[in-house]
Number of protein chains: 2
Amino acid sequence: MQPLCRDHPQPQSFDRVLSSMCTRPHPDAVAAATEFLTTNPGDPMTYQSIAKIESKAVNLLADIVGEPTATGYITSGGTESNIQAVHAARNRSATKTPNIVAPESLHFSFNKAATVLNVELRTVPTDEDHRADLTAVENAVDEDTVLVVGVAGSTAYGRVDPIPELTDIAHRVDAVMHVDAAWGGFVLPFTDHAWSFAAGIDSLTIDPHKFGQATIPAGGLLVRDPSLLDELAIETPYLESPTQATLTGTRSGAGVAGALAAMEALWPHGYKETYERTMYLAERLETELSTRGFETVTPHLPLVAADIPRELFTALRSEGWRIATTADGTLRIVCMPHVTQSLCESFLSDLDRLRRAGNSA
Amino acid sequence: MQPLCRDHPQPQSFDRVLSSMCTRPHPDAVAAATEFLTTNPGDPMTYQSIAKIESKAVNLLADIVGEPTATGYITSGGTESNIQAVHAARNRSATKTPNIVAPESLHFSFNKAATVLNVELRTVPTDEDHRADLTAVENAVDEDTVLVVGVAGSTAYGRVDPIPELTDIAHRVDAVMHVDAAWGGFVLPFTDHAWSFAAGIDSLTIDPHKFGQATIPAGGLLVRDPSLLDELAIETPYLESPTQATLTGTRSGAGVAGALAAMEALWPHGYKETYERTMYLAERLETELSTRGFETVTPHLPLVAADIPRELFTALRSEGWRIATTADGTLRIVCMPHVTQSLCESFLSDLDRLRRAGNSA
């Protein structure tokens, strides 16, 4: 057995990765993923073990989001979850001209969903705190709106939208209220935000392979009412089971097993510790960047943004920092579990040095 | 580190699995997948090693299908490949009422594609040899046809459609000619069938995680002309790369690395040996089943079908044989690499015993 790395580049470590919403998976997840690497939950009658494991994973996910009777499945990732949520909502409605309404802070997977599903995407502005502007959402919905998106942990600024109010707006026009908690879902249980089924929502995206610390691929889609998932069922004549609600066919048992293992290892105490530690880091970073004179966006979840000059951003990048900006060019740092105090200190130290070098140039 | 299996069902082996189009992955694929378990090619600027590996995997896939300049990507599986092919074809066309034409032997992923993408799916009958009926396809296409499907290794009977003739029909109406070789792609290079870009086609599905003996998830989508893939590009503002053509977002680097490792280990000699051995088994099985008086469908590729009574099928199932039927109830056995001579003999022995027991009941 020749290891791949003999002739090929090795996977890089998570050192200096401040841009990713994914992280180093928990060792139990790695072990479980490896053990179930050759299984396919897309064929549950043939691969019965992994089918049982997926049930357990979905049930545990339901507990984590505070709705033990929620159903769903482990998706290939948040993108599939969001596409399938829009898909189900579209199929459920009779309108021939469906639209979905989302704040401009939405993840680009909704652009994919709208394009693929032939659904009009209406994005509305966010307010000065980067949360959905309720009046704008109210004005954008109509009788053809099939789904309203609320983000719980937005990609750019880690904001949580006013979910209960958005739910009211959605339900008033008989639209599905869908929350995208792909990133936020595993930290939000430890906050006071209203973000999940208790707020009245209908469907939820939550990704084990982000803050859940599972292996890729493991997203999650949960619904309050199983009939919403039924909208997705496609007949599968040659498989031993009659239908499937997934967007993929053959799919990764490794991801499903890794998701269950991570959640079993970390819920609730490990996730709570993660939240507290990474939130603290984000708040410390904000203080440090603000003290240095940069305009910052106060973290609500473990993500901090700061307006640093383009040249400084580029200089940091060329030193090997994997960093990213929001669409308008603001540096955005995601404090995932692999981000440590010393990594942050190292980052600030390099920032200071490059800034001085830039100023004296 | 607690292994998952401590409290959970172990993954079953491939013993007695005669229904699956997936198989035991090559050990090199397992090693590579494990090594790259924590990578995400959906974020190529952050995860640069796996991005390079994906390039190599696509190039090798292009060699295998005989079109070294073909481009594409490693998908989550054949379902995504087929959805994205239809997606690109739909986006490329100006028609507001797009349709796709496919033989009734199509894989159900095209039903998913049509539903999701709001495209009319026109299925046409197959001929007495279970291949696309050219006259019927000819009659079904029109100026709104955006894509014609040819199957190269059909799900039920392992047939290869008349690809060059279908290509002519497709191109006459300016439709994309797409071949679904998800299952057949890694055995067809060793046959005389015309199935790939040399026949004039535009896009191709070929799955490393089927006969390619890679780990799940690893499908493949290849196109002759890169502009077809450009139809899929969605902007990705917060990632360090500007667009992506995939249906998923965050996705499995393990699958990509496993695909490259499997192909490097097995192309061409290992795949050739696999084809010869499994083809021989399928032919032997046909002889054995035919001798026993069952009506059989002669294998063209390593898949054999036989009309056995429903009760015998059920009895075999309850003895642990993972078997499946076609939509019309015909037993269909897929001779994947994990299927051995002795497994076949064991199957026939059980079949004989249960048949005798059934007859004397």
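Along each chain, residues carry numbers from 1 onward, in the same order as the chain's sequence is written. Chain letters and ligand numbers both follow the written order, the letters beginning at A and the numbers at 1. Per-residue local features of the predicted model are confined to residues with pLDDT of at least 70, and side-chain atom pairs are confined, for both listing and counting, to 80 or more; whole-chain, interface and lining totals are unaffected and use all residues. Excluded from the side-chain calculations are hydrogens and water; all other atoms, namely the structure's heavy atoms, are used.

With an unreviewed UniProt entry as reference, chain A is termed Probable L-aspartate decarboxylase, source organism Natronocalculus amylovorans. UniProt positions are given in the numbering used here, feature names are shortened, and annotations may be inferred rather than shown by experiment. Under the UniProt heading Catalytic activity (unreviewed entry), the entry covering chain A gives this text: "L-aspartate + H(+) = beta-alanine + CO2". According to its UniProt record, chain A has this under Cofactor (unreviewed entry): "pyridoxal 5'-phosphate".

J.: Residue-level account of the overall build of chain A, with values.
T.: Looking only at helices and strands, chain A has 11 helices and 13 strands in total. Expected size for 361 residues packed as a compact globule is a radius of gyration near 21 Å; at 21 Å, chain A falls within 12% of this value. Seen along its three principal axes, the alpha-carbon backbone of chain A occupies a region of about 70 × 60 × 35 Å. Across the 361 residues that make up chain A, the buried fraction comes to 61%. By definition, residues are in contact when any of their heavy atoms lie within 4.5 Å. Taking as baseline every contact in chain A between residues at least 6 positions apart, the subset at least 24 positions apart corresponds to 70%. Counted as positive: Lys and Arg. Counted as negative: Asp and Glu, with His and the chain ends omitted from the count. Every charge is mapped to an atom, namely NZ of Lys, CZ of Arg, CG of Asp or CD of Glu. The distance from the centre of the 27 positive side-chain charges to the centre of the 46 negative ones in chain A is 7 Å. Strands here are runs of E lasting at least two residues and helices are runs of H or I lasting at least four, both read from the DSSP assignment and numbered beginning at the N terminus. In this treatment the radius of gyration is a C-alpha quantity, and the globule benchmark scales as 2.2 Å times the residue count to the 0.38 power. For each residue, the accessible area found with a 1.4 Å probe, counting protein chains only, is set against the maximum for its type, and the residue is called buried under 20%, exposed over 50%, and partly exposed in between.

J.: Tell me about the sheet that holds strand E12 (residues 324–325) of chain A, and please be specific about residues and values.
T.: Residues and elements named next belong to chain A. At least two DSSP bridges between two strands are needed for those strands to be called paired. One open sheet accounts for 4 strands, arranged E10-E11-E13-E12; its pairing is antiparallel. Edge positions in the open sheet fall to strand E10 (295–297) and E12, since each of these has one partner strand only. Both E12 and strand E13 (residues 331–334) contribute to a ladder of 2 bridges, which runs antiparallel. Its bridge partner being in E13, Thr325 is matched across the sheet by Leu331.

J.: Residues and numbers for the UniProt feature "modified residue: N6-(pyridoxal phosphate)lysine" (unreviewed entry) in chain A, please.
T.: The residues that UniProt annotates with the feature "modified residue: N6-(pyridoxal phosphate)lysine" (unreviewed entry) are Lys210(A). Checked against the element boundaries, Lys210(A) lands in the loop between strand E6 (203–205) and strand E7 (219–223). Beyond its immediate stretch of four places on either side in the chain, Lys210(A) contacts Met21(A), Cys22(A), Thr23(A), Ala182(A), Trp183(A), Met336(A) and Thr250(B). A polar contact is formed between the side chain of Lys210(A) and the side chain of Asp207(A), at a distance of 2.7 Å. Whenever a nitrogen or oxygen atom comes within 3.5 Å of another N or O atom, the pair is scored as a polar contact, on the condition that within protein one atom can donate a hydrogen and the other can accept it, and that pairs from neighbouring residues in sequence are kept only if both atoms are in side chains.

J.: How would you summarise the packing of helix H8 (residues 253–266) of chain A against helix H9 (residues 269–291) of chain A if you had to cite specific residues and measurements?
T.: All names here are of chain A. Viewed as axis vectors pointing N to C, H8 and H9 meet at an angle of 80°, and their least axial separation amounts to 5 Å. Comparing the axis directions of H8 and H9 gives the class roughly perpendicular. Contacts between H8 and H9 pair Ala262, Met263 and Leu266 from the former with His269, Gly270 and Tyr271 from the latter. Throughout this entry, Asp, Glu, Lys and Arg are counted as charged residues, while Ala, Val, Leu, Ile, Met, Phe, Trp, Tyr, Cys and Pro are counted as nonpolar. The remaining residues, Gly among them, count as polar. Residues that form the contact of H8 with H9 fall into these classes: 4 nonpolar, 2 polar and no charged. Here an axis means a line fitted to C-alpha atoms, over the contact stretch when the element is a helix, while the angle between two N-to-C directions is reported on a 0 to 180 degree scale. Angles are sorted into four bins: roughly parallel if under 35 degrees, roughly antiparallel if over 145, roughly perpendicular if 65 to 115, and oblique for all others.

J.: Give me the relation of the copies chain A and chain B: which residues, what numbers.
T.: Superposition of the copies was done by least squares, using only C-alpha atoms of residues whose pLDDT is at least 70 in both. Each copy of the sequence occupies a distinct position, and chain A is placed on chain B by a rotation of 180° and an axial shift of 0.0 Å, giving an RMSD of 0.0 Å. With respect to symmetry, the two chain copies, as superposed, fit the operation of a two-fold axis. The rotation axis passes nearest to the C-alpha of Leu117(A) in chain A, at a distance of 2.5 Å.

J.: Let's hear about the packing of aromatic side chains: which residues, and what values?
T.: Residues and elements named next belong to chain B. The pairing test for Phe, Tyr and Trp rings, Trp by its six-membered ring, is centres within 6.5 Å, and the orientation test on the planes gives stacked under 30 degrees, edge-to-face over 60, and tilted for anything in between. Overall, the coordinates contain 12 aromatic pairs over all chains when judged by the stated rule. Ring geometry for Trp321 against Phe347: centres 5.1 Å apart, planes inclined by 80°, an arrangement best described as edge-to-face. Pair noted here: Trp321 is in the loop between helix H10 (310–318) and strand E12 (324–325) and Phe347 is in helix H11 (residues 341–359), with a separation of 26 residues, a long-range link. Assessed through its relative accessible area of 0%, Trp321 is described here as buried.

J.: Can you explain the interface of chain A and chain B? Please cite residues and give values.
T.: It is common to give the size of an interface as the accessible area lost on bringing the parts into contact. In this assembly, 83 residues from chain A lie in contact with 84 residues from chain B. Two parts placed together each lose some accessible area; with a 1.4 Å probe, that loss summed over both constitutes the buried area. Here chain A meets chain B over a buried area of about 7000 Å², counting both sides, of which 61% is carbon and sulfur. Within this document, salt bridges are pairs made up of a side-chain nitrogen of Lys or Arg and a carboxyl oxygen of Asp or Glu, the two lying within 4 Å of each other. In this assembly, chain A and chain B are joined by 0 salt bridges. When residues of the side of chain A that touches chain B are traced back to their parent elements, those giving at least two are helix H1 (27–35), helix H2 (48–64), helix H3 (78–92), helix H4 (109–117), strand E8 (234–235), H8 and E12 of chain A. When residues of the side of chain A that touches chain B are assigned to their parent elements, the largest contribution, 8 residues, is made by H1(A). Partitioned by chemical class, the residues of the side of chain A that touches chain B number 36 nonpolar, 32 polar and 15 charged.

J.: Before we move on, could you go through the pairing of strand E4 (residues 145–151) of chain B and cite the residues and values that matter?
T.: Residue and element names in this part refer to chain B. Of all 7 residues making up E4, 7 are buried, and the element is well covered by its neighbours. Relative to E4, strand E2 (residues 99–103) runs parallel, the two sharing 3 bridges. When the sheet's bridge partners are listed, Asn99 is paired in E4 with Thr145. As paired elements, E4 and strand E5 (residues 176–180) share 5 bridges and run parallel to each other. Residue pairing in the sheet places Leu147 in a bridge with Val176 of E5.

J.: I'd like a rundown of the packing of H9(A) against helix H11 (residues 341–360) of chain A, residues and numbers included.
T.: Residue and element names in this part refer to chain A. Relative to each other, H9 and H11 sit at 20°, their axes nearing to 11 Å. In terms of axis orientation, H9 runs roughly parallel to H11. Pair H9 / H11 crosses with right-handed handedness. Where H9 abuts H11, its residues Tyr280, Leu281, Arg284, Leu285, Glu288 and Leu289 lie against Gln341, Cys344, Leu348 and Leu351. In terms of residue class, the contact of H9 with H11 is built from 7 nonpolar, 1 polar and 2 charged. Crossing handedness is defined as follows: a turn of the near helix away from the far one that is anticlockwise and smaller than a right angle gives a left-handed crossing, while the clockwise case is right-handed.

J.: How would you sum up the confidence of the model for chain A? Please name residues and give values.
T.: By definition, pLDDT measures how confident the predictor is in each residue, and it falls between 0 and 100. The predicted model of chain A averages 94 in pLDDT, with 96% of residues at 70 or higher. Overall fold confidence (pTM) sits at 0.94, and the ipTM for the predicted complex is 0.91.

J.: Could you give an account of the domain arrangement of chain A, with specific residues and numbers?
T.: All names here are of chain A. Annotation of chain A at the domain level lists domain 1 (27–266) and domain 2 (269–356). What fixes the domain bounds is an automatic or database domain assignment. A separation of 28 Å is found between the C-alpha centroids of domain 1 and domain 2. Opposite the 25 residues of domain 1 that make contact, domain 2 presents 23 residues. Between domain 1 and domain 2, roughly 1900 Å² of surface is buried when both sides are summed, and carbon and sulfur atoms account for 68% of that area. In this assembly, domain 1 and domain 2 are joined by 0 salt bridges. One can count 8 residue pairs in polar contact (both at pLDDT 80 or more) joining domain 1 with domain 2. The class makeup of the residues in the side of domain 1 that touches domain 2 is 13 nonpolar, 9 polar and 3 charged.

J.: Could you give an account of the pairing of strand E3 (residues 120–124) of chain A, naming the residues involved and the relevant values?
T.: Examined bridge by bridge, strand E2 (residues 99–103) of chain A and E3(A) share 5 bridges and lie parallel to one another. For Val101(A), the partnering residue across the bridge sits in E3(A) and is Arg122(A).

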